[in-house]
Amino acid sequence: MGGRALKSVETRRYSREEFDTVSKELIDILQRKFDRATIPLFYNNKETFGDIDIIVDTKGTSLLNLGGQSIRNFIENEFNPNEIFHNGNAFSFDYKEVQVDLICVNSEDFDSNYHYLAFNDLGNFIGRLAQSIGFKYGQEGLWYNHYSDQNTKTKIIVSKDYPEIFKFLGLDYDKWVEGFDTLEEIFEYAMSSSLFNPEMFQLSELNKINRERNLKRASYMSFLDYIKDKPAHPDYDKISVASTKENVIDVIREVFPEANIDLHLAEINYEHAKKVLANLKFNGRMVKEKYGLEKEEIGESIKLFKDYVDVNFRIPFSDFIIKTSQHYILLTFEYVNKIGTYSRTK
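Reference entry: report on the structure contained in this document. These numbers were taken from a predicted model, which means no experiment stands behind them.

Our focus in this paragraph is the overall build of the protein. Within the protein one finds 16 helices and twelve strands. Taken over the C-alpha trace, the protein has a radius of gyration of 26 Å; the compact-globule value for 346 residues is 20 Å, which it surpasses by more than 25%. Overall, the protein is about 85 × 55 × 35 Å in size when its C-alpha atoms are taken along their principal axes. Within the span of the protein, comprising 346 residues, buried residues form 45% of the whole. Taken as a whole, the protein presents about 19,100 Å² of accessible surface, with 48% of it coming from carbon and sulfur. In the protein, the 44 positive side-chain charges and the 55 negative ones have mean positions that sit 8 Å from each other.

In structure tokens form, the structure reads like this:
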């Protein structure tokens, strides 16, 4: 996934012949432990490789454990590396002078990782196309981030049907399946979408995290050079793009009815309303104003209250607040913290 995760051990680029030989060796080992293990697709004429990415299906087990044995221990026992670097769901380690990135995913995300990680940075490019119209595309498929308020974001998976996703984004899925001979063909493929506008890929248009990440990716920077002075796709329609982004939910209803967007929104709105109601009935500001507690005292008193509810009522704290009268909530809070009605000074 980049070939630069390891810091304390020297690795090198592999030739195509070395890559093919060692990749097969790795896959043979991994398939004895995992039900599925595969290498993302790459363009046919690629001659050298800075790392070997391998996706493995963890079958719903914890990413840190595999049948009681940690994946880190599995790597140590099977491959005897000099260094292991763990980041999210990926374990990078050295093996025969090359960096191996073991990407551990649940069964439902295996195919989406296989698609997203294929063909160098193509998944990244497709993600930019999707983002331009209000969607997200990545290792979990196509999704939409719904904001209940400024601080509450919920991911709604829209589709994992790749022919449909690619069609929606103006890309030829059959061509993707056929593959590409060169990096330039991958660039041209990204540009074939009617959503393509070179401006969206410029570093100045990215957030800090993506800007810093892509600066380190040779293929992304090569893409920027390739599209320099290139026009937008002939069918690019700025007004249509803006309209789609503004009406994402309606678009999902129409194009991806199987996403059942209204059910997800109802569930999200219900949970958000519960959160708002619970916060209105009991909150730190209320504790400060009613009992004169300050900063650390507020946090400690609320923690004691939550622990008491958990032990004695055995229901989620938010459910206790929602289902209980405000009078009894405060009375219980006072009892737990020996304040107010139950103050020791009385």
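Having seen the structure, we can now continue with the description.
What follows covers helix α16 (residues 326-337). Taking 1.5 Å of rise per residue, the twelve residues of α16 would be expected to cover 16 Å, and the 17 Å separating its terminal C-alpha atoms lies within 8% of that figure. Looking at the buried positions of α16, the neighbouring elements they touch are α12 (261-281), α13 (284-291), α14 (295-313) and α15 (317-323). Positive phi shows up at lysine 338, right after α16, with a value of about 55 degrees.

What follows covers the environment of proline 81. Topologically, proline 81 is positioned in the loop between α2 (71-79) and β7 (84-87). The sequence separation of proline 81 and leucine 102 amounts to 21 residues, and the corresponding C-alpha distance is 13 Å. Those residues in contact with proline 81 that lie beyond four places of it in its chain are Ile75, Glu76, Phe93 and Asp94.

Turning our attention to the packing of helix α4 (residues 122-131) against helix α7 (residues 183-191). One way to put it is that α4 packs onto α7 with a least axis distance of 10 Å and a crossing angle of 15 degrees. Considered as vectors, α4 and α7 are oriented roughly parallel to each other. When the axes of α4 and α7 are compared, the crossing they make is right-handed. Residues Leu122, Phe125 and Leu129 of α4 form the contact with α7, whose own contacting residues are Ile186, Phe187, Tyr189 and Ala190. Here the contact of α4 with α7 is composed, by residue class, of seven nonpolar, no polar and no charged.

Turning next to the nonpolar core. Counting 55 residues, the largest nonpolar core has Leu122, Phe135, Phe166 and Phe201 as its most contacted members. If one sorts the elements of this core by residue count, α7 sits on top with six residues. What phenylalanine 201 contacts, discounting residues up to four positions off in sequence, is Phe125, Arg128, Leu129, Phe196, Tyr220, Phe223, Leu224 and Ile227. With 26 residues, the next largest nonpolar core counts Ile29, Phe74, Phe93 and Val98 among its residues.

Conventions and cut-offs
Residues numbered from 1 in each chain as written. Predicted model: local features only at pLDDT ≥ 70, side-chain atom pairs only at ≥ 80, totals over all residues. Heavy atoms only, no water. Helix = DSSP H or I, 4+ residues; strand = E, 2+ residues; numbered from the N terminus. Rg over C-alpha atoms; globule rule 2.2 N^0.38 Å. Buried < 20%, exposed > 50% of the residue type's maximum accessible area, 1.4 Å probe, protein only. Areas by Shrake-Rupley, 256 points an atom, 1.4 Å probe, with all protein chains shown as cover. Lys, Arg positive; Asp, Glu negative; His and termini not counted. Charge placed at Lys NZ, Arg CZ, Asp CG, Glu CD. Expected span 1.5 Å × (residues − 1). Contact = heavy atoms within 4.5 Å. Axes fitted to C-alpha atoms, helices over the stretch in contact; angles between N-to-C directions. Parallel < 35°, antiparallel > 145°, perpendicular 65-115°, else oblique. Left-handed = near helix turned anticlockwise from the far one by under 90°. Nonpolar A, V, L, I, M, F, W, Y, C, P; charged D, E, K, R; others polar. Core = buried A, V, L, I, M, F, W, Y, C linked by side-chain atoms within 4.5 Å.

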